[in-house]
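# Secondary and tertiary structure notes
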Amino acid sequence: MNKQPGTSGLIFNEPLLWDKSREGRCAVSLPKPDVERADLEKDLIGDTPQLPQLSELDVVRHYTRLSQWNFGVDSGMYPLGSCTMKYNPKTNEVQAARQGFAGAHPFAGEEFSQGALKLMYNLEQYLAKLTGFDAVTLQPAAGAHGELAGMLMIHAYHAKMGKQRSKIIIPDTAHGTNPASASLCGYDSINIKSGDNGILEPLAVAAVMDEETAGIMVTNPNTLGLFESNIKEIADIVHSKGGLVYGDGANMNAIMGIVKPGEIGVDVLHFNLHKTFSTPHGGGGPGSGPVAVGKTLEPFLPVPRIVKELDSYKLVTDFSDTMGRLHTFYGHFGVMIRAYAYILSMGGKGLTDASKLAVLNANYVKESLKGTLNLPYDYPCMHECVFNDEFQKEYHITTMDMAKRLLDYGFHPPTVYFPLVVDSAFMVEPTETESKEDIDQFISAVKAIAKEAQENPEKLKKAPHKTKVTRLDEVAAARKPCLRG
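Parameters at a glance
- Here the residue numbering is sequential within each chain, running from 1 through the sequence in written order.
- The predicted origin of the model limits local features to residues at a pLDDT of at least 70 and limits the giving and counting of side-chain atom pairs to 80 or more, whereas totals for whole chains, interfaces and linings rest on all residues.
- The side-chain quantities take in all heavy atoms of the structure and omit both hydrogens and water.
- The way it works is that DSSP assigns letters per residue, a run of H or I at least four long becomes a helix, a run of E at least two long becomes a strand, and they are numbered from the N terminus.
- Multiplying one less than the number of residues by 1.5 Å gives the expected span of a helix.
- For the exposure calls, accessible area comes from a 1.4 Å probe over protein chains only, and a residue counts as buried if that area is under 20% of its type's maximum, exposed if over 50%, partly exposed in between.
- Throughout, a contact is declared for two residues whenever any of their heavy atoms are within 4.5 Å.
- Here an angle of 0 to 180 degrees is reported between the N-to-C directions of two axes, which are lines fitted to C-alpha atoms, with helices fitted over the stretch in contact.
- In this scheme, roughly parallel covers angles under 35 degrees and roughly antiparallel covers those over 145, while 65 to 115 is roughly perpendicular and the rest are oblique.
- Each crossing gets its handedness from the near helix: less than a right angle anticlockwise from the far helix is left-handed, clockwise is right-handed.
- By the convention used here, strands pair only if DSSP detects at least 2 bridges between them.
- Grouping buried Ala, Val, Leu, Ile, Met, Phe, Trp, Tyr and Cys residues that are joined through side-chain atoms within 4.5 Å yields what is termed a nonpolar core.
- Only Phe, Tyr and Trp rings take part, Trp by its six-membered ring, and two of them pair if their centres are within 6.5 Å. Stacked means planes under 30 degrees apart, edge-to-face means over 60, and tilted covers everything else.
- Surface patches are drawn from residues lacking salt bridges whose relative accessible area is over 30%; two like charges belong together within 9 Å, two nonpolar side chains (Val, Leu, Ile, Met, Phe, Trp, Tyr) within 5 Å.
- The method behind every accessible area is Shrake-Rupley, applied with a 1.4 Å probe, and residues are considered shielded solely by the protein chains displayed.
- When a carboxyl oxygen of Asp or Glu lies within 4 Å of a side-chain nitrogen of Lys or Arg, that pair is called a salt bridge.
- In this count, Pro and Cys sit with the nonpolar residues alongside Ala, Val, Leu, Ile, Met, Phe, Trp and Tyr, while Asp, Glu, Lys and Arg are called charged and the others, Gly among them, polar.

## Notes on helix α7 (residues 143-160)
Here α7 contains 18 residues, and its C-alpha end-to-end distance of 26 Å stays within 8% of the 26 Å for a straight helix at 1.5 Å per residue. Every buried residue of α7 is accounted for by Gly 143, Gly 146, Glu 147, Leu 148, Ala 149, Gly 150, Met 151, Met 153, Ile 154, Ala 156, Tyr 157 and His 158. Buried residues belonging to α7 abut β2 (167-171), α8 (178-184), β4 (213-219), β5 (244-248), β6 (268-270) and β7 (291-293). Residue Gly 162 follows α7 closely and has a positive phi angle near 100 degrees.

So this is what it looks like as structure tokens:
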């Protein structure tokens with residue numbers, strides 16, 4: 001047992017499970033078998049896995065201690081910009097754990113899956129109504145998977161039109177996965193810069209849009225947290241040359257209930273259930289990135305599609321222009337249940353209010369900190385605001401130093417060094433779920449850190465001081481990662 005200076009509790013040196021193992025310990029009591037024991041043939045046994053032998057108390061304490069070292073959205077404010085790490089209501093988990101849903105098997109026939117199919121069908125209808133589109137697929141397993149689905153549909157559309165195109169326009173304020181999704185479909189990315197006010201200028205789009213360009217990928221609101229107010233004019237320019245508009249709707253949590261992308265020129269849109277509709281985010285999945293389309297792209301949706309006939313539901317694959325199948329089954333059902341529960345709990349007014357509060361909180365942070373941190377784009381923002389370390393450079397303090405120090409104040413660091421359009425970016429997204437009191441604590445912490453940068457910069461350079469793992473050697477960690485303990 002050791003205790004680091006400045007910590008309020010004990011921090012144990014927790015060994016690996018194999019190191020804790022002791023012969024004969026067992027955390028479970030197995031029921032007596034109701035059949036006679038039979039030895040397997042030697043060829044079927046192979047090498048027996050060497051699993052640790054632990055008591056129940058060993059197991060409980062091990063994972064409880066590990067959980068106490070971690071920081072999660074249930075622990076405190078998690079202001080990761082562009083990721084929307086907001087609180088997930090526990091009722092979502094309760095509904096997803098209901099036996100009828102949790103015990104459903106993907107190989108059960110349609111006649112035994114009517115409840116699940118109805119939920120998914122209704123969720124598609126709700127998402128379509130929220131975004132102003134005609135149809136939705138729930139198949140994509142994550143936001144980036146949804147991007148790929150959208151681009152594959154654009155690719156299939158141009159193939160159907162008789163001439164495949166070679167390029168796609170991607171602004172500098174787009175999400176980083178956009179160029180990868182385009183590249184996987186065989187498109188070359190044509191990068192364009194946003195204007196001085198942080199949004200796209202129609203003239204910049206018109207200068208590169210031609211008959212060889214499949215369309216444009218627009219993140220709206222963009223990664224600077226700004227609404228692309230010229231989107232309708234940009235869509236008209238792209239459409240006039242036969243192109244299509246892909247909308248990265250990862251930031252829908254700032255505009256749901258207020259703006260419908262399908263009604264302002266966007267042809268296809270993906271959105272992340274974990275960002276906007278409060279399903280779990282991170283940890284390797286599972287995720288969900290539904291895609292909404294207008295009439296132009298509806299024939300190219302992936303199969304199967306959920307179809308309602310009278311009062312029953314079925315999965316249909318007979319669509320001649322479909323882009324094909326994206327997923328072994330129809331998406332990650334458990335995630336869909338959570339999003340469905342959230343939508344039903346909130347209702348239309350609640351979803352609209354959530355967007356308004358997300359925008360209000362972000363602008364409150366922006367206005368409160370713009371004299372403390374440099375604000376490259378001083379305009380009303382949407383869900384997030386982006387600062388940098390320009391004011392701290394004279395003290396040789398970087399964005400990374402301030403982010404690390406925030407851990408000592410009980411906050412997860414914000415997103416740093418993204419978007420690339422802002423040098424040394426410090427991106428903050430408070431989300432709608434944080435109270436004014438919690439946001440005020442975060443603002444006070446950032447101001448205190450900025451003061452420390454002036455008075456005691458060495459303290460920031462060595463931060464964090466109170467965490468189980470302190471400042472890493474970033475270069476060594478990348479080149480020689482420790483993957484075992």
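## Quick look at the packing of helix α6 (residues 114-131) against helix α12 (residues 333-369)
Closest axis-to-axis distance for the α6/α12 pair is 10 Å, and the angle between their directions is 45 degrees. Viewed along their axes, α6 and α12 adopt a mutual orientation that is oblique. For the pair α6 and α12, the crossing hand works out as left-handed. Mapping the contact onto sequence places Ala 116, Leu 119, Met 120, Asn 122, Leu 123, Tyr 126, Leu 127 and Leu 130 in α6 and Phe 333, Met 336, Ile 337, Tyr 340, Ile 343, Leu 344 and Leu 351 in α12.

## Looking at the sheet that holds strand β10 (residues 385-388)
Read across the open sheet, the three strands follow the order β10-β12-β11; overall the sheet is antiparallel. Every interior strand has two partners, whereas the edge strands, β10 and β11 (415-416), have only one. For β11 and strand β12 (residues 425-428), the ladder comprises two bridges, and the chain directions are antiparallel. Across the sheet, the residue bridging to Val 416 is Phe 426, located in β12. Its contacts with the sheet place helix α13 (residues 399-406) against β10, β11 and β12, and it is angled at close to 35 degrees to β12.

## Overview of the nonpolar core
Counting 52 residues, the largest nonpolar core has Met 120, Leu 127, Leu 138, Val 205, Ile 216 and Phe 277 as its most contacted members. What Leu 127 contacts, discounting residues up to four positions off in sequence, is Val 136, Leu 138, Phe 271, Leu 273, Phe 277, Pro 290 and Ile 343.

## Some points on the packing of aromatic side chains
Considering all chains together, one arrives at nine aromatic pairs under this definition. Look at Phe 271 and Phe 277: their rings are 6.3 Å apart centre to centre, the planes differ by 75 degrees, and that puts the pair in the edge-to-face class. The two residues Phe 271 and Phe 277 agree in class, both being buried. Taken together, a centroid distance of 6.4 Å and an interplanar angle of 75 degrees make the contact between Phe 277 and Tyr 342 edge-to-face. In this pair, Phe 277 is assigned in the loop between α11 (273-276) and β7 and Tyr 342 in helix α12, connecting sequence segments 65 residues apart. For the pair shown, Phe 277 and Tyr 342 are each scored as buried. Put simply, the rings of Phe 271, Phe 277 and Tyr 342 touch in pairs and so form one group of aromatic residues.

## What to know about a nonpolar patch on the surface
Taken together, the side chains of Leu 40, Leu 44 and Ile 45 define a hydrophobic patch exposed on the protein surface, amounting to about 330 Å² of accessible area. Note on placement: Leu 44 falls in helix α2 (residues 42-45).

## Observations concerning the packing of α12 against helix α14 (residues 436-455)
Running from amino to carboxyl end, α12 crosses α14 at an angle of 30 degrees, the nearest separation of the two axes being 11 Å. As judged from the angle between their axes, α12 and α14 are roughly parallel. The element α12 and its partner α14 pack so that their crossing is right-handed. Listed contacts from α14 to Asn 361, Tyr 364, Val 365, Ser 368 and Leu 369 of α12 are Lys 436, Ile 439, Asp 440, Phe 442, Ile 443, Val 446 and Lys 447. Classifying every residue of the contact of α12 with α14 by side-chain character gives seven nonpolar, two polar and three charged.

## Thoughts on the sheet that holds β4
Taken in spatial order, the seven strands make up an open sheet running β1-β7-β6-β5-β4-β2-β3, and their pairing is mixed. The open sheet has two edge strands with one neighbour each: β1 (135-137) and β3 (188-192). On average, each strand axis in the sheet is inclined to that of its neighbour by 25 degrees, with strand direction left out of account. Bridging between β4 and β5 involves five bridges; their strand directions are parallel. Looking at the pairing, Ile 216 lines up with Val 245 of β5. Relative to β5, α7 is tilted by about 175 degrees, and along the sheet it contacts β2, β4, β5, β6 and β7. In the packing of helix α10 (residues 231-240) onto the sheet, contacts are made with β4 and β5, and the angle to β5 comes to roughly 140 degrees.

Any link to function would need more than the numbers given here.
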